[in-house]
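Chain by chain, the residues:
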Amino acid sequence: MCSNCTVTFCSRHWKKQVDMDICRRKSVIEISELDPFLAELLRQIPASANPDGAPAAEQRIFSPPIKGKATEFCAEWKMYVEPELRRLFQSATETVATDLEQLNGNEKSLGNRTLRIPAKHSDAWLSALNQARIVIAAKNKFTENELNDHCHSPIGSRRDLSLFQVNFYGFLQEFILRELRS
Amino acid sequence: MSAENSSVTDMTKAHIGGHRPPLQFELKASYVSLFGMSCGPRRDGACLAQIKEVEEITLVSNEKAGTITTAEPTIEKETQSEEELDLPWQVVVHNDPVNLMSYVTMVFQRVFGYPRERAERHMLEVHHNGRSILWSGMRERAELYVQQLHGYLLLATLEKAG
């Protein structure tokens, strides 16, 4: 099953279309014809997934297990469960970072590269993409309307770029989920 | 007893919080076997489940006849009311505009083993009503589910029914 993703983004001064193909080939998800811009967004997944230094993101990633007053329970959750969750999330981003090493190199060599993701890493990718989307959304305080506006254009600010990043990562998640279902 | 130690380890994984003594296993020999298992109670009344089963087996040896008679086991069961069992803890998932609908559906299928239709129904309930009760039952299991859901980055909480 193959999907083609054409992305149009523009600023006040220029407009550009970027493409990539995403396919499932046996036990590998292959992203080919990868534009340098999208390749760079992919390379930013592990860093974007890190909630450090952003209390809102940290609070969202490690949300309380109970509503209302249950301070003792929450304290124990923080002590015993959070470290386990941290390890889980870190393990996923490390797997993704290792896969993304295929994209390492100078900027010229990034042109139309191919990224091969082993299908067995699908869960790690889903987790890392989700972490990144949640952290970016929390840092930028995106509203539900903004997040649902998939045709938002143009990219004129850092905030617009972050919104695009959330949507792009969401597209990848959708593709991986579709592959898992099939 | 060694059985007690291994059970404590298992329960620690599944349970966070509370002031509950660990699982207790008792085995009294001989001829009379008493097996008791309890988990609970919590101070806050979270979990109280007790099952007592008394099984009595009497072996009577008849040397003259050279036969062994096994008396029918007498099984006594004590059960407690549902209120005492403290079952109604709920796993609630809250709406979150970032998580994809297809992703949430997949998580419900994986964590609870629900068929796709049921998982989708819950997902849509979360989407439209802001929350959905995914599961209710014993607190320990509910905590485990919440932990798993947090592992998938869903907004999930534990709530006492009512």
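Just so we're clear, the structure is a prediction, and the values are computed from it rather than from any experiment. (Residues numbered from 1 in each chain as written. Chains lettered and ligands numbered in written order. Predicted model: local features only at pLDDT ≥ 70, side-chain atom pairs only at ≥ 80, totals over all residues. Heavy atoms only, no water.)

*Asks:* I would appreciate a short explanation of the packing of aromatic side chains in the present structure.
*Replies:* Where two aromatic rings form a pair, the distance of their centres and the angle of their planes describe that pair. Summed over all chains, the structure comprises nine aromatic pairs over all chains. For the pair A:F62 and A:F89, a centre-to-centre distance of 5.9 Å together with 45 degrees between the ring planes defines the contact as tilted. Within this pair, whereas A:F62 is found in the loop between α3 (55–61) and α4 (71–100), its partner A:F89 is found in helix α4, the two being separated by 27 residues in sequence. Residue classification places A:F89 among the buried positions, given a relative accessible area of 4%. Consider the rings of A:F73 and A:W77, whose centres lie 6.0 Å apart with planes at 55 degrees: the pair is tilted. Of this pair, A:F73 and A:W77 both sit in helix α4, four residues apart, which is roughly one turn of the helix. With respect to burial, A:F73 and A:W77 carry one shared label: buried. Through a chain of ring-to-ring contacts, the aromatic side chains of B:F108, B:F112, B:Y114, B:W135 and B:Y145 assemble into a single cluster. (Phe/Tyr/Trp six-rings, centres within 6.5 Å; stacked < 30°, edge-to-face > 60°. Helix = DSSP H or I, 4+ residues; strand = E, 2+ residues; numbered from the N terminus. Buried < 20%, exposed > 50% of the residue type's maximum accessible area, 1.4 Å probe, protein only.)

*Asks:* What should I look at first to understand the interface of chain A and chain B in this one?
*Replies:* Reports often express the size of an interface as the amount of accessible area lost when the parts come together. Every contact between the two is made by 33 residues of chain A and, on the other side, 29 residues of chain B. Among the residues chain A hides against chain B, the three largest losses belong to A:R60, A:F73 and A:W77. Together they make up 18% of the total. At the junction of chain A and chain B, the tally comes to two salt bridges. Between B:D96 and A:R60 there is a salt bridge, with its nearest N and O atoms 2.5 Å apart. Applying the counting criterion to the chain A and chain B interface returns nine residue pairs in polar contact (both at pLDDT 80 or more). Contributing elements (two or more residues each) for the side of chain A that touches chain B: α3, α4, α5 (122–140), α6 (144–148) and α7 (158–181) of chain A. For the side of chain A that touches chain B, the leading source of residues is α4(A), giving ten residues. (Contact = heavy atoms within 4.5 Å. Buried area = accessible area lost by both parts, 1.4 Å probe. Salt bridge = Lys/Arg side-chain N within 4 Å of Asp/Glu carboxyl O. Polar contact = N/O pair within 3.5 Å; in protein donor to acceptor, adjacent residues only side chain to side chain.)

*Asks:* When you look at the packing of helix α3 (residues 101–112) of chain B against helix α5 (residues 139–151) of chain B in this model, what are you seeing that I'm missing?
*Replies:* Think of two packed helices as two axes; the pair is described by the angle between the axes and how far apart they sit. All names here are of chain B. Orientation of α3 relative to α5, taken along the N-to-C sense of each, is 145 degrees, at an axis distance of 11 Å. Of the two elements, α3 crosses α5, and the hand of that crossing is right-handed. Between α3, through V107, F108, V111 and F112, and α5, the contact on the second element is made entirely by Y145, Q148 and L149. Partitioned by chemical class, the residues of the contact of α3 with α5 number six nonpolar, one polar and no charged. (Axes fitted to C-alpha atoms, helices over the stretch in contact; angles between N-to-C directions. Left-handed = near helix turned anticlockwise from the far one by under 90°. Nonpolar A, V, L, I, M, F, W, Y, C, P; charged D, E, K, R; others polar.)

*Asks:* I would appreciate a short explanation of the packing of α5(A) against α7(A) in the present structure.
*Replies:* Residues and elements named next belong to chain A. Axis separation between α5 and α7 bottoms out at 9 Å; the angle between their running directions is 155 degrees. Put simply, α5 runs roughly antiparallel to α7. Judged by the twist between their axes, the crossing of α5 over α7 is left-handed. Side by side, α5 and α7 meet where S122, D123, W125, L126, L129, N130, A132, R133, I136, A137 and N140 of the first sit next to R159, S162, Q165, V166, Y169, G170, L172, Q173, I176, L177 and L180 of the second. In the contact of α5 with α7, the residues fall into twelve nonpolar, seven polar and three charged. (Parallel < 35°, antiparallel > 145°, perpendicular 65-115°, else oblique.)

*Asks:* Would you explain the sheet that holds strand β7 (residues 89–94) of chain B in this entry?
*Replies:* Sheets are built from strands that pair by backbone hydrogen bonding, the pairs being arranged parallel or antiparallel. All names here are of chain B. Pairing in this open sheet of three strands is antiparallel, and the strands run β8-β7-β9 from one edge to the other. Each end of this open sheet is capped by a strand with a single partner; those strands are β8 (131–137) and β9 (156–160). Taking the axes of each pair of neighbouring strands and ignoring which way they run, one obtains an average angle of 30 degrees across the sheet. Direction of pairing for β7 relative to β9: antiparallel, over a ladder of five bridges. Bridge pairing links W89 to K160 in β9. The strands touched by α5 within the sheet are β7, β8 and β9, with β9 carrying the most contacts at an inclination of about 160 degrees. (Pairing = 2+ DSSP bridges.)

Keep in mind these numbers describe shape, not what the thing actually does.
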